[in-house]
Amino acid sequence: MGKRVLPPDSGDGDGPGSGAVETVNLREALEERYLAYALSTIMHRALPDVRDGLKPVHRRLLHAMRLLRLDPNTAFKKCARVVGDVIGKYHPHGDQAVYDAMVRLAQDFAQRYPLVDGQGNFGNIDGDNAAAMRYTEARLTDVAMLLLEGLDEDAVDFRPNYDGSEEEPVVLPGAFPNLLANGSAGIAVGMATSIPPHNAYELCQAALYLIEHRETATVADLMRFVPGPDFPTGGIIVESQASMRDAYETGRGGFRVRARFTQEDLGRGTWAVVVTESPYQVQKSRLIEKIAELITDKKLPLLDDVRDESAEDVRIVLVPKSKNVDPKILMESLFKLSELEVRFPLNMNVLSGGQVPNVLSLKDVLSQWLEHRKDVLIRRSRHRLGVIERRLEILGGYLIAYLNLDEVIRIIREEDEPKQELMKAFALNEVQANAILDMRLRNLRKLEEFEIRKEFDALTLERSQILALLDSDAQQWKVIAHDIKDVAKKYGPETALGKRRTSFEEVSATDTSIILEAMIEREPITVVVSDKGWIRALKGHIDDLSRLEFKQGDALKIAFKAQTSDKILVFTSDGKAFTLVGANLPGGRGQGEPIRLMADMDESAEILAVFVHQPDTRRLVVTREGKGFILPEVDAVAQTKKGKQIVNCGKGDQLVFTGVIAPGADHLAVIGTNRKLLLFPLIELAEMSRGAGVRVQRYKDGTISDARGFKAAEGLSWTDTSGRVFNRSMDEMRDWLGHRGDAGRLAPMGFPRSNKFGNGG
């Protein structure tokens, strides 16, 4: 509860003005005030009307400019004059806010079909502000005139302005599909709207189809005419058709838009990429600044420089590091890191009937616009009918006067009250009598009578046509379709303003790993892994690691040379593979970080192997029970921290071995901890991307110790503890040749006691 002390009153009573304390419920008071604020924001500021696609400030601007007679064929007037009229008569808000709204209506890079024709500095695509309103001038465009067409013919309702001294239209007649053609954006309380611009000709074609198929038309049908947005700054839409159809059906979604670019040959094998169209609502200066920052931060190692050579058009030059750079990979990395690719959201949240906020589909928006056009047609027709009937009434009086001209003249000359006498003598009403009395002498000629009869007949015919129109729903839609065809012709694809600017492309998927590598500066590193699973990367390729320090009780497990752009694969005992990036490894100044923090490893899993990923490599993976298969290493690369399950280990089993299969190998040699050696054709072992595998070697006790792939023609090699290399031909090893899953025989004389093949061969 809260208390509110009312101001004292000069009176002596106990009323509201007596200084009494009024108790109010704070929650109810806040809810009431916040709801009022929310409704005001939604209705009068943030959401456009589906019928004319305008918010109140834009509608008031156009109405004020029309009253100032700023038609397309008249002289410009100062914007300050327009803004003054708007805030003085209709929109009691800040002048700068009104001027900013007016400026946006005049910017051809912000509006697909500008509603204001501006003269002077109205800003640019770099994000520079417009000149002050006292310097700039404006008038309406033809598109704005279409929106205002019929405003004097009772086409829409009017309401009092904020102080009741003027009247303003509730909505404009809207002969142009402005909501979708120019789009809209706004943030209200608890809701927002975001509608991209579209091509007016395509919208008109879709509307014509909808008139013919009002019940059966689907969004998919309408998308045959409206394939997607058409942004004023051009660009390329790379969203899938299925995604766009879903967005138009639900009223929510988005469109991926890319910059348009070309590759220019600079001679001698050198080249540069030139961006000619930037995505909608992306400031060119900020875009270039961001790309320059990426170059400075070494996040775009393929790019050497960026230059802005724009004049009236957009021309951003991207210079690669060398002529050997792949243009596609360069641009994909730029699309990923910069605003050369953006996602423009679609949220068709608009006011239906000027009252109810709704998220509408493409069909709903066009249907409600067409219904509004029908209402406007009916109202204008009834207004015209009233004008015709009033004129016919007067013309009827004129004709009576011409038929009885001498008597009319006599009455006017001789009678004291000629109006009453005329009404009595010829059964005229007051309007007709006044018209006759107001007639000039020059109009009494015979030719004038002929003209009056001609006008009377023409208006009579028009009256019958309007009555037929008002009585026929089909005829009404026919007239609406005719008007829409006129708009479509005026803004057709052959016109400069109507030509589609945004194109569509299906983008083939580019390997994400290649793009990621392109965004990393390639530098040598030495990867160090400890027994307890701590990893770090030392700068450069280091051979002497004797001075490395480890935590107490920890020691060096493995170290290998790599590049910052390399992927580092980690295999664990539970059969999973994790992927780390060399550039993301902790530096060598400290003792590194646990791999478990960089990958979501199970607590019970142990690190089995860590190595540099080689895409063309094949590996043998074997579990403790001797089951395994050939794994293409590229299938072990994981995209997330959760890793990838490679080997499905049975209960109590675990992955114990992973080794590289030499290129061209056709046989496999496997030796177990029981010192039994088995040779068999490699073809007997399946190649899979994941699974439980098959029996590689049978063990009564023990497990696999080592394995080696080799070419039968070259024989089997191994290295003993003294570093001597032994080689045995297949004839010499025939006793050990068998089939996959055999137990094998004890290793031959001279085989290392460690049960390892060593580095030989």
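Everything in this summary refers to the structure shown in the same document.

Calculation notes
- Residues numbered from 1 in each chain as written.
- Predicted model: local features only at pLDDT ≥ 70, side-chain atom pairs only at ≥ 80, totals over all residues.
- Heavy atoms only, no water.
- Pairing = 2+ DSSP bridges.
- Helix = DSSP H or I, 4+ residues; strand = E, 2+ residues; numbered from the N terminus.
- Phe/Tyr/Trp six-rings, centres within 6.5 Å; stacked < 30°, edge-to-face > 60°.
- Buried < 20%, exposed > 50% of the residue type's maximum accessible area, 1.4 Å probe, protein only.
- Lys NZ or Arg CZ within 6 Å of the ring centre and 35° of its normal.
- Axes fitted to C-alpha atoms, helices over the stretch in contact; angles between N-to-C directions.
- Parallel < 35°, antiparallel > 145°, perpendicular 65-115°, else oblique.
- Contact = heavy atoms within 4.5 Å.
- Nonpolar A, V, L, I, M, F, W, Y, C, P; charged D, E, K, R; others polar.
- Salt bridge = Lys/Arg side-chain N within 4 Å of Asp/Glu carboxyl O.
- Core = buried A, V, L, I, M, F, W, Y, C linked by side-chain atoms within 4.5 Å.
- Polar contact = N/O pair within 3.5 Å; in protein donor to acceptor, adjacent residues only side chain to side chain.
- Left-handed = near helix turned anticlockwise from the far one by under 90°.

**A look at the sheet that holds strand S30 (residues 655-661)**
Here's step 1: With antiparallel pairing, four strands are arranged side by side in an open sheet as S30-S27-S28-S33. The open sheet terminates on both sides in strands that have one partner only, identified here as S30 and strand S33 (694-695).
Here's step 2: Two elements, strand S27 (residues 618-623) and strand S28 (residues 627-632), share five bridges in a ladder whose sense is antiparallel. Looking across to S28, one finds that Leu620 is bridged to Ile630.

**Quick word on the packing of aromatic side chains**
Here's step 1: One pass over the full model with this rule turns up 14 aromatic pairs.
Here's step 2: Where Phe571 meets Phe611, the ring centres are 5.4 Å apart and the plane angle is 40°; that geometry is what we call tilted. Of this pair, Phe571 sits in strand S23 (residues 567-572) while Phe611 sits in strand S26 (residues 607-612), placing them 40 residues apart in sequence. The residues Phe571 and Phe611 share a single accessibility class, namely buried.
Here's step 3: An aromatic cluster of at least three residues, connected via ring pairs, comprises Trp718, Phe726, Phe751 and Phe757.
Here's step 4: Over the aromatic face of Phe611 sits the side chain of Arg619, whose NZ or CZ is 3.6 Å from the ring centroid.
Here's step 5: Between the NZ or CZ atom of Arg745 and the centre of the ring of Trp736, over which it lies, the distance is 5.5 Å.

**Notes on the packing of helix H12 (residues 362-403) against helix H17 (residues 473-490)**
Here's step 1: Their axes nearest at 10 Å, the elements H12 and H17 cross at an angle of 110°. Between H12 and H17, the angle is such that the two are roughly perpendicular. When H12 is examined against H17, the residues Trp369, Leu370, Glu371, Arg373, Lys374, Leu377 and Ile378 are found in contact with a partner set consisting of Asp473, Gln476, Trp477, Val479, Ile480, Asp483 and Ile484.
Here's step 2: When its residues are assigned to classes, the contact of H12 with H17 shows eight nonpolar, one polar and five charged.

**What to know about the pattern of salt bridges**
Here's step 1: Tallied over the entire structure, the rule returns 40 salt bridges.
Here's step 2: The partner of Glu153 in a salt bridge is Arg380, and the shortest N-O contact between them spans 2.8 Å. Of this pair, Glu153 sits in the loop between helix H5 (142-148) and strand S6 (158-160) while Arg380 sits in helix H12; the two residues are 227 residues apart in sequence, bridging distant segments of the chain.
Here's step 3: One salt bridge in this structure joins Lys561 and Asp543, with 2.6 Å as the shortest N-O distance. Of the two residues, Lys561 sits in strand S22 (residues 556-563) while Asp543 sits in the loop between strand S21 (534-539) and S22, which places them 18 residues apart along the sequence.
Here's step 4: Under the relative-accessibility criterion, Asp543 is labelled exposed at 65%.
Here's step 5: In this structure, a network of salt bridges that share partners links the residues Glu239, Arg256, Arg258, Glu332, Glu341 and Arg343.

**A closer look at the nonpolar core**
Here's step 1: In this structure, Phe176, Leu318 and Leu340 are the most contacted members of the largest nonpolar core, which totals 108 residues.
Here's step 2: Broken down by element, the residue count for this core peaks at nine residues, all from helix H7 (residues 200-212).
Here's step 3: Excluding anything up to four places from it in sequence, Phe176 contacts Tyr113, Val143, Leu146, Leu147, Ala181, Ala200, Trp369, Val487 and Tyr491.

**Points about the side chain of Thr136**
Here's step 1: Mapping Thr136 onto the fold places it in the loop between strand S4 (116-119) and strand S5 (137-140).
Here's step 2: Among the residues examined, Thr136 registers a relative accessible area of 1% and is labelled buried.
Here's step 3: Polar side-chain contacts of Thr136 include one of 2.8 Å to the side chain of Tyr99.
Here's step 4: Residues within four places of Thr136 in sequence aside, it is in contact with Lys77, Lys78, Cys79, Tyr99, Gln119, Asn121, Phe122 and Ala131.

**Focus: the environment of Thr564**
Here's step 1: Looking at where Thr564 falls in the secondary structure, it is placed in the loop between S22 and S23.
Here's step 2: Given the relative accessible area of 9%, Thr564 is considered buried.
Here's step 3: When near neighbours in sequence (up to four residues on either side) are disregarded, Thr564 contacts Ile520, Glu521, Arg522, Glu523, Ile525, Val581, Gly582 and Ala583.

**Focus on the packing of helix H14 (residues 418-426) against helix H15 (residues 430-437)**
Helices that pack against each other are described as a pair by the angle of their axes relative to one another and the distance between those axes.
Here's step 1: In the contact formed by H14 and H15, the axes pass within 9 Å of each other and the chain directions differ by 120°. On the basis of the axis angle, H14 is oblique to H15. The interaxial crossing formed by H14 with H15 has right-handed handedness. Here Pro418, Lys419, Leu422 and Met423 of H14 come into contact with H15, specifically with Glu430, Ala433, Asn434, Ile436 and Leu437.
Here's step 2: Here the residues of the contact of H14 with H15 sort into six nonpolar, one polar and two charged.

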